[in-house]
Amino acid sequence: MKRALFACFLAMMAPSVAWADQASAIAAVRGQPRVVDVSADNQGNMFVLVKAENITWNQYAAYLCKVVAPHQARIFNIRIIELTKAIRTQPAAKWDRLGNAACAN
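Calculation rules
- Residues numbered from 1 in each chain as written.
- Predicted model: local features only at pLDDT ≥ 70, side-chain atom pairs only at ≥ 80, totals over all residues.
- Heavy atoms only, no water.
- Disulfide = S-S within 2.5 Å.
- Helix = DSSP H or I, 4+ residues; strand = E, 2+ residues; numbered from the N terminus.
- Core = buried A, V, L, I, M, F, W, Y, C linked by side-chain atoms within 4.5 Å.
- Buried < 20%, exposed > 50% of the residue type's maximum accessible area, 1.4 Å probe, protein only.
- Contact = heavy atoms within 4.5 Å.
- Pairing = 2+ DSSP bridges.
- Axes fitted to C-alpha atoms, helices over the stretch in contact; angles between N-to-C directions.
- Salt bridge = Lys/Arg side-chain N within 4 Å of Asp/Glu carboxyl O.

K.L.:
Describe the state of the cysteines, naming the residues involved and giving the relevant values.
P.N.:
All told, the structure shown has one disulfide when counted by the stated rule. Note that Cys65 is cross-linked by a disulfide to Cys103, the S-S spacing being 1.9 Å. The sign of the -75 degrees torsion about the S-S bond sets the Cys65-Cys103 disulfide as left-handed. Pair noted here: Cys65 is in helix 2 (residues 57-68) and Cys103 is in the segment after strand 4 (97-102), with a separation of 38 residues, a long-range link.

K.L.:
Requested: an account of the nonpolar core, with residues and values cited.
P.N.:
The biggest cluster of nonpolar side chains holds 21 residues, and the ones touching the most others in it are Val29, Met46, Val48, Leu64, Ile78 and Ile80. Elements represented by at least two residues in this core include exactly helix 1 (2-30), strand 1 (35-40), strand 2 (45-50), helix 2 and strand 3 (77-82). Sorting elements by how many residues they give to this core places helix 2 first, with seven residues. Among all residues touching Ile78, those that are not within four sequence positions of it are Met46, Val48, Ala61, Leu64, Cys65, Gly99, Asn100, Ala101 and Cys103. Of all hydrophobic cores here, the second largest spans five residues; its members include Phe47, Leu49, Ile81 and Trp95.

K.L.:
Tell me about the pairing of strand 1, and name the residues and values.
P.N.:
Across five bridges, strand 1 lies against strand 2 in antiparallel orientation. Paired with Asp37 across the bridge in strand 2 is Leu49. Hairpin geometry of strand 1 and strand 2 is characterised by an intervening segment of four residues between the two adjacent antiparallel strands and by a positive phi of about 90 degrees at Gly44.

K.L.:
Give me the sheet that holds strand 1: which residues, what numbers.
P.N.:
Taken in spatial order, the four strands of this open sheet run 1-2-3-4, and their pairing is mixed. Only two strands of the sheet have a single partner each, and these edge strands are strand 1 and strand 4. Direction aside, the axes of adjacent strands within the sheet are offset by 20 degrees on average. Seen against the sheet, helix 2 touches strand 1, strand 2, strand 3 and strand 4 and runs at an angle of roughly 45 degrees to strand 4.

K.L.:
Account for the pattern of salt bridges, naming residues and giving values.
P.N.:
Per the stated rule, a full pass over the model turns up three salt bridges. In this structure, the salt-bridge partner of Asp37 is Arg30, at a minimum N-O distance of 3.1 Å. Judged by relative accessible area, which is 44%, Arg30 ranks as partly exposed. In this structure, Asp37 and Arg88 form a salt bridge, with 3.5 Å as the shortest nitrogen-oxygen distance. Taken together, the residues span a long stretch of sequence, with Asp37 in strand 1 and Arg88 in the loop between strand 3 and strand 4 at a distance of 51 residues.

Read these as layout, nothing more, since geometry by itself doesn't imply function.
The following block contains the structure:
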């Protein structure tokens, strides 16, 4: 009986831990230079809104993968989006990307 209760407790706590990890990863990315806003979806994509500059955005996205890695937030892809291209009426997956990186966990 105690094992079943403990297993049930762990199953209930798992989603809240994942959300907390994701929230801390989002906060860490928001604190980085050039970042205006950050959002994440349920598929493991993190969308980072930035102002357009002439830098290598794919390398910056790879750097952000290293920023989120310690948080264990189940972020699999970083998508760099120019602030003016983020049309809130469209799904985030359809926004034009400046850069992209796959975060290997």
